[in-house]
Structures are given as C-alpha cells and as structure tokens.
Amino acid sequence: MITRATVRKKERWEYLSRGPRIAWDAIVRGQHRFTYDQMPMVIRGMSLAGRANLLRSGLNLAYRRLKPWGWPLHMQIELTSFCDLECPVCPTGTGELTRSAKSIDVDLFEGVMKEAGPYLLTLSLWAWGEPLLHKKLDRILEITQRYPAVSLLSTNGQTLNHPRVQDALRRFPPTYLIVAIDGLCDETNSVYRRGARLAPALEGVRALAGWKRETGAALPVLHCRFMAMRQNEHELPRLRAFAEQAGFDMVSIRSLSIIDSVEQPHRDLVPVSSLLKAYDYKDGERVRRSDFVCQHAFSFPSVLADGTVVACEQDFNGHDAYGVISRENTLSKVWRSAHASTVRRTIKHHPEDYSFCRNCPYADRPISSCSFDSYELRPVEL
C-alpha cells in the first residue's frame, strides 16, 4: 500500500531534483516560468528577496516544515463573502457559508500585500463570493499592480458589463480575467450558475476585447473557464467557436470538484463521460485515495474577507484558522504562529481530524490540476 510518508519522500526528491534549474533561472536570470492550472505564467525581474524566498519556500514544501522558512508562494484573498448567484455546489449558494456578508477592507488588503506581495508568484482575488461586487475594485487592483505576482481574478460575469467594473479592469488590469461560462445558452449555464445570464458576461468580454484591440493592451488575458458537467457536456464540441466569437484569448475546461458539504448535489452534476470526471467511481461511490499529500497548508494560505487566515480555502467558515489579521496581529505573525504550526501538524499527520481535509476536492483526483485541458485562441503575452 502506498502511504503518505512514501509519497512525501518521493515528492521531496522530485522537488530537490528540480532545484538546480529553478535556482539558475531565479538567481542568475531573475525569472521563474511555470504553469498554474493550465495557464502559462512568468515572473520577471525578481528582487533578491523574492529569489531567496522562492528557494526557501521550495525547501519548505519539500520538507513540509511546520514553521515555514519563507513567505507563501501563492495566496488567495477573498474580496467579498457574498454573491449574486446560488450555485448548488458552493457554500455561498447552499447557505452553508455562515460568516457575515462582507467586503475586505482596502487597508487590510494593502497591509497583507505590503507583507506578502513582494514574494508571491500568484495572487487569486476570489474565494467564496463574487469579487466584482467589491465597490472599491479599482483600489484593490491598483494595489495588486504594485507587486510582481501574476494576478488572477475570477468572476461569474454578471456585472462585467458595468461601467465601474470596465473602468477598473482597463485602468488596472489583472494578468488573467477568468470568466466562468458553464453553458453556451442561458438554459444550460443556469443549471449550475443559478440566476445567471450570459448576456452581461459576454457583453463585458466583447467590450474588453475591443478595447485591447484598439489600444494594443496585452492584459487582461481573457480566459473562458468551462466546467464540464452532465447538463453541458454535449456543448463541448462548440465551445471553441463560441469563445472565439465572444473575444476570449484562451479556454480551459475544468472538472467539477466537491466541497466540504453534502455530496448528492455534486453527484447530480457529474458528467456521463468518464473523460470529464474529476474522480474515479466504483459502484456509484467516489474512489478514495490514501497517498495524497497537501501543499496548501505550507505554501498557499487563503485570507478571508474578514481577515481570517486559513490553511485552505475549503475551510470556508474558518473553523480551523491560523488566526485573524489585525493591527497587532500581522500576517507574518499569523503565518508563523505556534497555532498555525499546530494546524499544519494536524494536516500533515492526521488530516482526517479536519472535515475540510476529509472532503478535500484535490485528494482523490488522478491529476493535480482542476483544469484538464486548455487551448489558446490568440497568443497569450505576459
């Protein structure tokens, strides 16, 4: 039987074997190229501190240190904890998100970025709410642009055609603007994106695509993300033409993940084609793996809208948080705290103690990426 300890040892050697090439690119050339969820990415002009942190964090991952040697390489920051849709496999849509509806305070966001921003490779600007509903989106994006991280902003697109949103995205474009399109007509799209219409999303994409053509702007990369499910899998042959006509730069196809919730709504949406399923099934039950080793707790924290820092975004109510950021309790103190080390120790050795680990959407996947296919419609320039 393959154990987590065996996987950790194998993975450690894989990390260490890649170290010389990564170190050469970072230290000598000041850059780091990588692929993240099917998206090509590059960090250029890395500071000396950023280069050192990349190497320290790589070693930290290899050894799964309870008290990290470096800053996170990736971070997710929740801009809002509320949404205008009611998706059936999302704690916000199902009402299981018990935190109060809140937009992240801009000063809190700025403070987090001052600490971690210089070291990040990627910054995901969403979690369990719709980020475009943040009334100070322009300030959030302006702060983000001060730092070298590849920024990702994911949206359901329902306010993408709003002048306020368009202005913010043009003045301070994120690296990738990911628009969730889960059906090529309102009927199929709204099975999962309950309450959604395609029109505002597509109008917003076309407006940004036209602006990019007129100005020669490379960013944002307009990314159509299609989640393959039972109700829309028949539309996949037409997806490329649909995305090209809408003005997208690239398309990725994602499989449907579970969350720390009841599984029946998820099962009702699982596609028929085995090629599109996120998990293997036997007798109608998801096949569970015993060899998964978590990375999130050691390199990829999430900051919720109220300043709560969690090991993984799947802890969506912050039940087992590292701590809460405040003026006195900075991100650095929370990230390196004794309590955070205790949480990491549990995730490393006894993940079954946490419900969000027992129902981890990544653990039982045959592949590590949530997206399993992608293609560029136009050259992606970063």
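So, here's what we can say about the structure. (Residues numbered from 1 in each chain as written. Predicted model: local features only at pLDDT ≥ 70, side-chain atom pairs only at ≥ 80, totals over all residues. Heavy atoms only, no water.)

Another point: helix α5 (residues 137-144). Residues of α5 that are buried include every one of L137, I140, L141, I143 and T144, and no others. Relative to the axis of α5, the buried residues are bounded by an arc of 160 degrees and lie together on one face. (Buried < 20%, exposed > 50% of the residue type's maximum accessible area, 1.4 Å probe, protein only. Helix = DSSP H or I, 4+ residues; strand = E, 2+ residues; numbered from the N terminus. Arc of directions from axis to C-beta.)

Counting buried residues along strand β8 (residues 250-255), six of its six residues qualify, which places the element largely inside the surrounding structure. On β8, burial covers both faces: M250, S252 and R254 on one face and V251, I253 and S255 on the other are all buried. Sheet topology places strand β7 (residues 221-228) next to β8; six bridges connect them, and they run parallel. Bridge assignment links F226 to a residue of β8, and that residue is I253. (Pairing = 2+ DSSP bridges.)

Turning our attention to the nonpolar core. Counting residues in each nonpolar core, the largest one holds 74 residues, and the members touching the most others are I77, F109 and F248. Those residues in contact with F248 that sit more than four places away from it in its chain are V179, I181, L202, V205, L222, H223, C224, A243, L377 and R378. Y36, L121, W126 and I178 belong to the second-largest nonpolar core, a separate cluster that totals 20 residues. (Core = buried A, V, L, I, M, F, W, Y, C linked by side-chain atoms within 4.5 Å. Contact = heavy atoms within 4.5 Å.)

Following both chains from N to C, one finds helix α6 (residues 163-171) and helix α8 (residues 198-215) inclined at 35 degrees, their axes separated by 11 Å at the closest point. Handedness of the α6/α8 crossing: right-handed. Across the interface between the two elements, Q166, L169 and R170 from α6 touch G204, A207, L208 and W211 from α8. (Axes fitted to C-alpha atoms, helices over the stretch in contact; angles between N-to-C directions. Left-handed = near helix turned anticlockwise from the far one by under 90°.)

Here the structure, examined in full by the defined rule, presents four aromatic pairs. Consider the rings of Y322 and W335, whose centres lie 6.2 Å apart with planes at 65 degrees: the pair is edge-to-face. Residue Y322 is found in the loop between β12 (308-310) and β13 (323-324), and its partner W335 is found in helix α12 (residues 331-335); the two are separated by 13 residues along the sequence. Judged by relative accessible area, Y322 falls into the buried class, the value being 3%. (Phe/Tyr/Trp six-rings, centres within 6.5 Å; stacked < 30°, edge-to-face > 60°.)

Spatially, ten strands are ordered β13-β12-β11-β3-β4-β5-β6-β7-β8-β14 in an open sheet, and the strand pairing comes out mixed. Strands at the two margins of the open sheet, each flanked by one partner only, are β13 and β14 (371-376). In this structure, strand β3 (residues 74-77) lies alongside strand β4 (residues 122-124), joined through three bridges in parallel fashion. Among the inter-strand pairings, H74 is bridged to a residue of β4, identified as T122. Of the strands in this sheet, β6 (176-180) and β7 are in contact with α8, which crosses β7 at around 150 degrees.

Right, let's get into a nonpolar patch on the surface. There is a patch of nonpolar side chains on the surface, built from W24, I27 and V28 and spanning about 330 Å² of accessible area. Its place among the elements puts V28 in helix α1 (residues 4-28). (Patch = residues over 30% accessible without salt bridge, like charges linked within 9 Å, V, L, I, M, F, W, Y side chains within 5 Å. Areas by Shrake-Rupley, 256 points an atom, 1.4 Å probe, with all protein chains shown as cover. Salt bridge = Lys/Arg side-chain N within 4 Å of Asp/Glu carboxyl O.)

Structurally, G318 is set in the loop between β12 and β13. As a C-alpha pair, G318 and K333 span 15 residues in sequence and 17 Å in three-dimensional space.

This paragraph deals with the pattern of salt bridges. Where charged atoms from two side chains of opposite charge come close, those side chains can pair. According to the stated counting rule, one finds 13 salt bridges in the structure shown. For the salt bridge of R225 with D37, the shortest nitrogen-to-oxygen distance reads 3.0 Å. With a gap of 188 residues between them, R225 in strand β7 and D37 in the loop between β1 (32-36) and β2 (39-43) connect regions that are remote in the sequence. Across the pair, D37 and R225 agree in class, each one buried. The partner of D249 in a salt bridge is K212, with the nearest N and O atoms 2.6 Å apart. Of the two residues, D249 sits in the loop between α9 (239-246) and β8 while K212 sits in helix α8, which places them 37 residues apart along the sequence. Like D249, the residue K212 is buried in the burial classification. One salt-bridge network, held together by shared partners, links D37, R225 and R254.

Take the environment of L123 next. Here L123 lies in strand β4. Ignoring sequence-local partners within four residues, the contact set of L123 consists of M75, I77, F109, M113, T144, A149, V150, S151 and L152.

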